[in-house]
Amino acid sequence: MASGVRGALSPDREWSRGDRAKAAAKLMAGWVALLWILEVIDVASGNALDDFGIMPRSVPELVDVVPASFIHFGFGHVAANSVPLLVLGFLAALGGLRRFVAVCALIIVADGLGVWLISPDNTNTAGASGVVFGLFGFLVVSGFVERRLLGVGVGVLVAAIWGGAILGGIAPTETGISWQGHLIGLVTGVVAAFLFRRRQPRGALTA
């Protein structure tokens, strides 16, 4: 028990790449599994968990800013978010679990507050897509910000695979989606890349 706690609290730099990959994979598999479990509970309860979505500019709804990112409106909704969340989350978590948790916490809170503030009246917004868009923005930008060749390569690859879907997801003409939440998540992810960047020596370009 003592050694497990010590390992869990060790600085990310002390972990080997293999350890980081295993921890990142377990974390994201658990996260996605949680989303599916919650959706099963939601369906079984007659969509009772949908009340944890965010209805804008209602003060009592502020308590749903965080839970909303874990609730979905049907299995199709959670399925659409599962693969990009799993892959993008895994890639982001490889850079360190502590930083990853901080990045995700910022995205979830900022995205939820933004949705609460600017979404149209009489709407209910929930889902992990804000986190997906945020992680996309973080991964695309962080390699350039930190001047890391591997990070730049990951960002270019992520942009090539998901860039079209991301652009479509922030288009105001799309119906049935919260383009506001997507846009806020994306912007917050870019901001997080600057706020949580790993410092490099001036002028250095590392792998």
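Because the structure is a prediction, the values reported are computed rather than measured.

Draft legend 1. Structural view of the confidence of the model for the protein. Residues of the protein with pLDDT of at least 70 account for 89%, and the chain-wide mean is 91. The model gives residues 1-12 a pLDDT under 50, and that stretch makes ten contacts with residues more than four places away or in other chains.

Draft legend 2. The nonpolar core, seen in detail. Residues W31, L85, L88, F100, L135, F136 and F138 are the most contacted members of the largest nonpolar core, which totals 32 residues. Of all the secondary structure elements, the ones that give two or more residues to this core are α2 (17-44), α3 (75-93), α4 (97-118), α5 (129-146), α6 (149-169) and α7 (179-195). Residue contributions to this core peak at eight residues, all from α5. Not counting chain neighbours up to four residues away, the residues in contact with L88 comprise V132, L135, F136, L139, V158 and W162.

Draft legend 3. Quick peek at the pattern of salt bridges. Under the defined criterion, the tally for this structure stands at four salt bridges. A salt bridge links R57 to D121; its shortest N-O distance comes to 2.6 Å. With R57 in the loop between α2 and α3 and D121 in the loop between α4 and α5, this pair connects stretches of sequence that are 64 residues apart. On the basis of relative accessibility, which here comes to 37%, the residue R57 falls in the partly exposed class.

Draft legend 4. Representation of the side chain of N81. For N81, the location among the structural elements is in helix α3. For N81, a relative accessible area of 7% translates into the label buried. At a separation of 3.1 Å, a polar atom in the side chain of N81 contacts the side chain of H72. With residues up to four places along the chain from it excluded, the contact list for N81 reads H72, G127, A128, S129 and V132.

Definitions and limits used
- Residues numbered from 1 in each chain as written.
- Predicted model: local features only at pLDDT ≥ 70, side-chain atom pairs only at ≥ 80, totals over all residues.
- Heavy atoms only, no water.
- pLDDT = per-residue confidence, 0-100.
- Contact = heavy atoms within 4.5 Å.
- Core = buried A, V, L, I, M, F, W, Y, C linked by side-chain atoms within 4.5 Å.
- Buried < 20%, exposed > 50% of the residue type's maximum accessible area, 1.4 Å probe, protein only.
- Helix = DSSP H or I, 4+ residues; strand = E, 2+ residues; numbered from the N terminus.
- Salt bridge = Lys/Arg side-chain N within 4 Å of Asp/Glu carboxyl O.
- Polar contact = N/O pair within 3.5 Å; in protein donor to acceptor, adjacent residues only side chain to side chain.

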